[in-house]
Amino acid sequence: MRRFLSLVAALVLVAMTPVTSAGVVLAANLFLPLPANLPERTPPAPSQISRVYDAAGNEIGTFKQFETSIPVQAADIPAVLKQAVVAAEDRSFYSHGGVDVRGTLRALIADVRNRGATQGGSTITQQLVKNTVTGNEKTISRKIREAVLASQLDRQMDKDEILFEYLSVIYLGEGAYGVGAAAQTYFRKPVNDLTLSESALLAGLIPAPSRFNPRVDPATADIRRRQVLDSMLDEGMIDPVQHDTAVAETVWPAVNGAPPGPATVVWPPENQQSLDPYFTDYVRRWLVAHLPGGEDQIFQGGLRIETTLDPAAQAAAREQVAAFLDGTEPDLRTSLVAVEPPTGYVRAFVSGRDFATDAVNYALGQSSGGGVGGGGSGRQPGSAFKPFVLAQAFASGITPDTTYSGRPHDVSEACHSPGTVLENYEGAGYGTVDLRTATAKSVNTVFTRLILDVGVDKTMALARSLGVTGVREYDPAVHCASVALGAESVSPLDMASAYGVFAARGLRAEPTPVVRVTDRDGNIVIDLSQPPQARVLDEKVADNVTDVLEGVLVSGTAAGRGIDRPAAGKTGTTQNNRDAWFVGYTPTLSTAVWIGYENKTPEATKELRNIKGVKQVTGGTHPARLWQAFMKAALADVPVTEFTEPAPIEAVPDAKLREARRGFEPGKRKYPAGDPGKVSYSEEPARPEADAPTTTSPPTTGPPSTTTTTDPDETTTTEDGGLIN
């Protein structure tokens, strides 16, 4: 009777819509006598290995399915997994006849109106037929045949048998067909050992394995897992205690180290084979963001992936980083990324220490150029951020010869942080300096004044336009003068790319590890052989930034680290020497070097001290030395190219407020006696040390504040970017 009423209702619905003929065909066939034999079910089409090549055509890695499937027995599949799948995909599975007639007809009506298959409405039985018999061609005739066969299959097979067949073949991402392969792929355990939370995570993958992939987007996968657990509770499959215990877990990629609490731990893939695993990981992440077929296409598509990696430059990078790390503590990490400014091609890429034991890709932040993220958390760049402030100043009409006071800077009023004063070492060291000297010597107090002149919001927006994707949207309640000293987290890839804009005279090419991707049939899927460029900075501004940054390698914090050809760059050291940077470039290559310890938690990150004979590691020590050695090797056979002589910046007349911010008292001359055209210092002489520290101390009046001694390449900020007070 129920089936009869459903058929009548279906025919009424069909008669009221333009899909009459299709609906009649569906309804009439759902309950026909069974044929002698159902069409034979066929396994999924075999996948093909995708191969990765460097710029010289050498194969450097492959992407392939680690396990197409792992055979399981019906008794192996735990009840909790079967319940999770039914709750997530087909709550009425045990009561319907293989087809949700109303849902299927609604889908057919929508598909006809949209002139193509657009909606779902499939039961577990229909999905089994689609996966094993009809395929997933987006046509109405296929949907009708799927529904008819599903109804017939339901009458031929037991429900538990149908569910077992379904769980044995369903695709769950990362090359895993069936729950046996998925359990091994994601959790490295047999399917019969799956927990409630792990079962809910796998069930949540079924509608969109790429979108809900816990390795790519743990947060989204976690939301989906909780939705499945809620459905299981609603259906009475689990009790509230089981539900709450499972919900309390978080999806935690094993590459992030030990979880902070209860967690569903997801392991990294075992199917990646590469001579340069960190680079291949970057390529995979980039392809997921740019290929229409995502990970399925990567691991099954038989692609030819031609990358930008230069074998000679990569060999030099590996050699220098390995030599530096040799003999150091096992939790020390180093990343080196080299980008070709005119094209954005990533020519060298070394990240981390050993991919087998630590798959965190430190060269990538939470987000990086080209829409790639999911690597490390990003690190503060210290004074390596100052060139972006300099660029905004030049774009605002402030010239390289503009002078600022290097004396203590009270930022209490400007930053809504009472009692905060930034000082140079012991209140001494710098008097009046121009921007060229302040950059070479990395004078913090000049740049905190400068960024308030040109605008914190404008500087942050400029950095983002240059490709520093880790810089957040400006928030006046959080961001102030500390931004100039590197309060925002960045990635080595973004820093190399952004400095490359200066080298390319204001033109930006999106960083990419891929030149061309060809599918198994020889069709070009992606072609970046002529990468697009966009102007993000005026030529004159970029050339003047380069001109100033050349001084860092001549007489500044990286003096003596030149490479016997025109080069420019900047050091960076963060608070308590937790991170050290050098980012530098020539017209043909821009390279970022970062050194730091494994970041288990921001508070627990160790300081860079007593490493290979250097008591206190700053950007001008090991990072600059690594950069120098790598650049000399990578450019050994490259002709010397000169930077363009900069055109003068057209100065904007000084405003009284700007002059006050520079720290000059009204009526007091800016220079001591002598030639006003010559840069000089007032009151205290400049310290000869390149890395003289600075202090943050309270003013003589007002509430007390914390005093912190730091390096001029070091930020004096809290974790949220505010000034310490």
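Cut-offs and rules
Residues numbered from 1 in each chain as written. Predicted model: local features only at pLDDT ≥ 70, side-chain atom pairs only at ≥ 80, totals over all residues. Heavy atoms only, no water. Helix = DSSP H or I, 4+ residues; strand = E, 2+ residues; numbered from the N terminus. Buried < 20%, exposed > 50% of the residue type's maximum accessible area, 1.4 Å probe, protein only. Contact = heavy atoms within 4.5 Å. Areas by Shrake-Rupley, 256 points an atom, 1.4 Å probe, with all protein chains shown as cover. Pairing = 2+ DSSP bridges. Axes fitted to C-alpha atoms, helices over the stretch in contact; angles between N-to-C directions. Parallel < 35°, antiparallel > 145°, perpendicular 65-115°, else oblique. Left-handed = near helix turned anticlockwise from the far one by under 90°. Nonpolar A, V, L, I, M, F, W, Y, C, P; charged D, E, K, R; others polar. Phe/Tyr/Trp six-rings, centres within 6.5 Å; stacked < 30°, edge-to-face > 60°. Lys NZ or Arg CZ within 6 Å of the ring centre and 35° of its normal. Polar contact = N/O pair within 3.5 Å; in protein donor to acceptor, adjacent residues only side chain to side chain. pLDDT = per-residue confidence, 0-100. Expected span 1.5 Å × (residues − 1). Salt bridge = Lys/Arg side-chain N within 4 Å of Asp/Glu carboxyl O.

1. Details of the overall build of the protein
In terms of helices and strands, the protein carries 22 helices and 25 strands. Counting over 725 residues, the protein shows a buried share of 55%. Look at the contacts in the protein between residues 6 or more apart in sequence, and 71% of them connect residues 24 or more apart. Summing over all exposed atoms, the protein offers an accessible surface of approximately 29,500 Å²; the carbon and sulfur share of this is 52%.

2. Points about unusual backbone geometry
Positive phi, close to 55°, is recorded for arginine 188, a residue that is not glycine. With respect to the helices and strands, the residue arginine 188 is situated in the loop between α8 (179-187) and α9 (196-205). One non-glycine residue, asparagine 576, lies in positive phi territory at about 60°. Note on placement: asparagine 576 falls in the loop between β19 (568-573) and β20 (579-585). Judged by its relative accessible area of 25%, asparagine 576 is partly exposed.

3. Considerations on the pairing of strand β6 (residues 304-307)
Here strand β1 (residues 50-53) pairs with β6 via three bridges, running parallel. Directly across from tyrosine 53, in β6, lies its bridge partner glutamate 306. Sheet topology note: the β6/strand β16 (residues 514-518) ladder contains four bridges and is antiparallel. When the bridges of β16 are listed, isoleucine 305 appears paired with valine 517.

4. A few points about the packing of helix α15 (residues 386-395) against helix α18 (residues 456-465)
The interhelical angle for the contact between α15 and α18, taken along N-to-C directions, is 110°, at an axis separation of 9 Å. Put simply, α15 runs roughly perpendicular to α18. Handedness of the α15/α18 crossing: right-handed. From α15, Phe388, Val389, Ala391 and Gln392 reach across to α18, where they touch Lys458, Thr459, Leu462 and Ala463. Of the residues assigned to the contact of α15 with α18, the class counts are five nonpolar, two polar and one charged.

5. Things to note about the side chain of serine 405
Locating serine 405 in the fold gives a position in strand β11 (residues 403-405). The class of serine 405 is buried, set by a relative accessible area of 1%.

6. Observations regarding the packing of helix α3 (residues 79-89) against helix α10 (residues 218-234)
Two elements in contact, α3 and α10, have axes separated by 9 Å at closest approach and are oriented at 95°. Classified by the angle their axes make, α3 and α10 are roughly perpendicular. Contacts between α3 and α10 involve Val80, Gln83, Ala84, Ala87, Ala88 and Glu89 from the first element and Arg224, Val228, Ser231 and Met232 from the second. Looking at side-chain class alone, the contact of α3 with α10 contains six nonpolar, two polar and two charged residues.

7. A look at the packing of aromatic side chains
Taken as a whole and judged by the stated rule, the model has 17 aromatic pairs. Geometrically, the ring pair formed by tyrosine 278 and phenylalanine 355 is edge-to-face, given 5.2 Å between the ring centres and 85° between the ring planes. A residue pair is termed long-range when its members are at least 10 positions apart, and tyrosine 278 in helix α12 (residues 277-290) and phenylalanine 355 in the loop between β8 (346-350) and β9 (367-368) qualify at 77 residues. When its relative accessible area of 7% is taken as the criterion, tyrosine 278 is described as buried. On the basis of relative accessible area, phenylalanine 355 is assigned to the buried category, the value being 19%. Ring centres 6.2 Å apart and planes at 80° place the aromatic pair tyrosine 499 and tyrosine 585 in the edge-to-face group. Highlighted residues: tyrosine 499 in helix α19 (residues 492-503) and tyrosine 585 in strand β20, separated in sequence by 86 residues. In terms of burial, tyrosine 499 and tyrosine 585 fall into one category: buried. Of the aromatic side chains, those joined through ring pairs into one cluster are Phe385, Phe388, Tyr499, Phe502, Tyr585 and Phe643. Over the face of the ring belonging to phenylalanine 93 we find lysine 159, whose NZ or CZ atom lies 4.8 Å from the ring centre. Residue placement shows arginine 224 over the ring face of phenylalanine 212; its charged tip is 5.7 Å from the ring centre.

8. Regarding the side chain of asparagine 577
Note that asparagine 577 resides in the loop between β19 and β20. Classification of asparagine 577 by relative accessible area gives buried; the value is 2%. A distance of 3.3 Å separates the side chain of asparagine 577 from the side chain of arginine 609, its partner in a polar contact.

9. Focus: the sheet that holds strand β7 (residues 332-339)
With antiparallel pairing, the five strands of this open sheet are ordered in space as β8-β7-β21-β20-β19. Taken across any chain shown, the strands that pair with only one partner, and hence form the sheet edges, are β8 and β19. For this sheet, the mean angle separating the axes of adjacent strands, direction not counted, is 5°. Bridge count for β20 against strand β21 (residues 590-597) is seven bridges, and the pairing is antiparallel. In the sheet register, aspartate 579 faces β21, and the bridge partner there is glycine 596. The sheet contacts of helix α20 (residues 539-555) involve β19 and β20, and relative to β19 the element is tilted by about 65°. Against the sheet, helix α21 (residues 622-634) makes contact with β7, β8, β20 and β21, and its axis sits at roughly 140° relative to β21, the strand it touches most.

10. Examining the confidence of the model for the protein
Mean pLDDT over the protein stands at 80; residues scoring 70 or higher make up 75%. Scored below 50 in pLDDT, residues 115-120 makes 15 contacts in the model with residues more than four places away or belonging to other chains. Throughout residues 666-725 the model reports pLDDT below 50, and contacts reaching past four residues in sequence, or to other chains, amount to 176 contacts.

11. Examining α19
With twelve residues, α19 should cover 16 Å at 1.5 Å per step; its first-to-last C-alpha distance of 17 Å lies within 8% of that length. Of all twelve residues that make up α19, twelve are buried, and the element is covered over most of its length. Considered for burial, the residues of α19 that qualify are Pro492, Leu493, Asp494, Met495, Ala496, Ser497, Ala498, Tyr499, Gly500, Val501, Phe502 and Ala503.

12. Observations concerning the pattern of salt bridges
This model, assessed by the stated rule, comprises 29 salt bridges. Among the ionic pairs, arginine 516 bridges to aspartate 527, the shortest N-O distance being 3.9 Å. One end of the pair, arginine 516, is in strand β16; the other, aspartate 527, is in strand β17 (residues 524-527), with eleven residues separating them in the sequence. Judged by its relative accessible area of 21%, arginine 516 falls in the partly exposed class. Ionic pairing is found between aspartate 564 and lysine 632, a salt bridge with its closest N-O pair at 3.8 Å. Of this pair, aspartate 564 sits in the loop between α20 and β19 while lysine 632 sits in helix α21, and the two are 68 residues apart along the sequence.

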